Amino acid sequence: MPTADPTLIQFSINNWSHLYSLEQAINRALDATGQNLTIQGTLRKQNFLDNQDTDIYINFYQVDDIPSYSRGPEGQLILGEITRLPNRLDCKLPVDGDVFEEMRKNLMEYADIEGIHIMVTLGLLLNQPIWPINNSAPIIKLDYAMRGDA
């Protein structure tokens, strides 16, 4: 049985922020510990986004235990879902404390070094050539790498 290749998108992190919120820590209904890390970038002229520049926001929030991840139709690990909204893509991904701390450390260590760019690659399961607004897609890949200017 042939496997469906994910739609790969890549962007450089334009901005990131780390937030500790007492309100979120108190509000345990979502099992959040109050630790959030948001990265932001811009996708340029992607066919599946009607060739429009589109901002992308990924909010990682720390949870107490390892999240339970579902599997896609071909056994791929589904990391979460990302939603196409008007003029932006947005998702919230739960991660355990070790993963959260590693990401935070890497961003803080590399983001402010002149000439270093943090590149994010997402693999999405899109089942149509144009991604409709107000629809979500499963994320099956999320990699980030540090790249230097040549």
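Note that the structure is a prediction, hence the values are computed from the model and not measured.

**Student:** Tell me what's going on with the overall build of the protein, and back it up with residues and numbers.
**Tutor:** The secondary structure content of the protein amounts to 2 helices and 10 strands. Going from N to C terminus, the protein has its helices and strands arranged as β-β-α-β-β-β-β-β-β-α-β-β. Here the protein, with 150 residues, has 39% of them falling under the buried criterion. Pairs at least 24 residues apart make up 68% of the contacts formed inside the protein by residues separated by at least 6 positions. Counting every atom, the protein has about 8,800 Å² of accessible surface; 49% of that belongs to carbon and sulfur.

**Student:** Tell me about helix α2 (residues 97–110), and name the residues and values.
**Tutor:** For an α-helix, the turn length of 3.6 residues means that residues three or four places apart are oriented alike. In this model α2 runs 20 Å from its N-terminal to its C-terminal C-alpha over 14 residues, within 8% of the 20 Å that 1.5 Å per residue would give. Those residues of α2 not exposed but buried are F100, M103, R104, N106 and L107. One side of α2 holds all its buried residues, which, seen down the axis, span an arc of 165°. Sitting at the head of α2, D96 places a side-chain oxygen 3.0 Å from the backbone nitrogen of D98.

**Student:** Hey, could you go over the packing of aromatic side chains for me, with residue numbers and the actual values?
**Tutor:** Using the criterion set out here, one finds 1 aromatic pair in the structure. Residue placement shows R88 over the ring face of Y57; its charged tip is 4.0 Å from the ring centre.

**Student:** I'd like a rundown of the pairing of strand β10 (residues 135–148), residues and numbers included.
**Tutor:** Bridge analysis of strand β7 (residues 80–85) against β10 gives 5 bridges, and the strand direction is antiparallel. Bridge assignment links E81 to a residue of β10, and that residue is P138. Here 9 bridges tie strand β9 (residues 116–124) to β10, and the two strands are oriented antiparallel to one another. Among the inter-strand pairings, M119 is bridged to a residue of β10, identified as A145.

**Student:** Now, about the confidence of the model for the protein: what can you tell me, with residues and values included?
**Tutor:** Of all residues in the protein, 81% have pLDDT values of 70 or greater, and the mean over the chain is 81. pLDDT under 50 marks residues 28–32. Its contacts with residues more than four places away, or in other chains, come to 9 contacts.

**Student:** Could you give an account of a nonpolar patch on the surface, naming the residues involved and the relevant values?
**Tutor:** Residues I66, Y69 and L77 make up a contiguous nonpolar surface patch of roughly 280 Å² in combined accessible area. Along the chain, I66 falls in the loop between β4 (54–63) and β5 (70–71).

Conventions adopted
- Each residue is numbered by its place in its chain's sequence as written, counting from 1.
- In view of the model being predicted, local features appear only for residues whose pLDDT reaches at least 70, and side-chain atom pairs are presented and counted only at 80 or more, with totals across whole chains, interfaces and linings using the full set of residues.
- For side-chain calculations, the full set of non-hydrogen atoms in the structure is used, while hydrogens and water are omitted.
- Helix and strand definitions follow DSSP, with helices as H or I runs of at least four residues and strands as E runs of at least two, each counted in order from the N terminus.
- Exposure categories follow from relative accessible area, calculated using a 1.4 Å probe and restricted to protein chains: below 20% of the type maximum is buried, above 50% is exposed, and the middle band is partly exposed.
- Contact between two residues is taken to exist if any of their heavy atoms lie within 4.5 Å; hydrogens are not considered.
- Here, Shrake-Rupley sampling with a 1.4 Å probe gives the accessible areas, and only protein chains in the shown set may cover a residue.
- Here a helix's expected span is defined as the number of its residues, less one, multiplied by 1.5 Å.
- By arc we mean the arc of the directions from the helix axis to the C-beta atoms, nothing more.
- A 3.5 Å cut-off defines polar contacts: any pair of N or O atoms within that distance qualifies, except that in protein one atom must be a possible hydrogen donor and the other a possible acceptor, and neighbouring residues in sequence count only when both atoms are side-chain atoms.
- Pairing of aromatic side chains here covers Phe, Tyr and the six-membered ring of Trp, requires ring centres within 6.5 Å, and sorts the geometry by plane angle: under 30 degrees stacked, over 60 edge-to-face, intermediate tilted.
- Over a ring means this: the NZ of a Lys or the CZ of an Arg is within 6 Å of the ring centre and within 35 degrees of the ring normal.
- Two strands are said to pair when DSSP picks up at least two bridges between them.
- Confidence of the predictor in every single residue is expressed as pLDDT, which spans 0 to 100.
- Candidate patch residues must exceed 30% relative accessible area and have no salt bridge, after which like charges are joined if within 9 Å and Val, Leu, Ile, Met, Phe, Trp or Tyr side chains if within 5 Å.
- We define a salt bridge as a contact between a side-chain nitrogen of Lys or Arg and a carboxyl oxygen of Asp or Glu at a distance within 4 Å.

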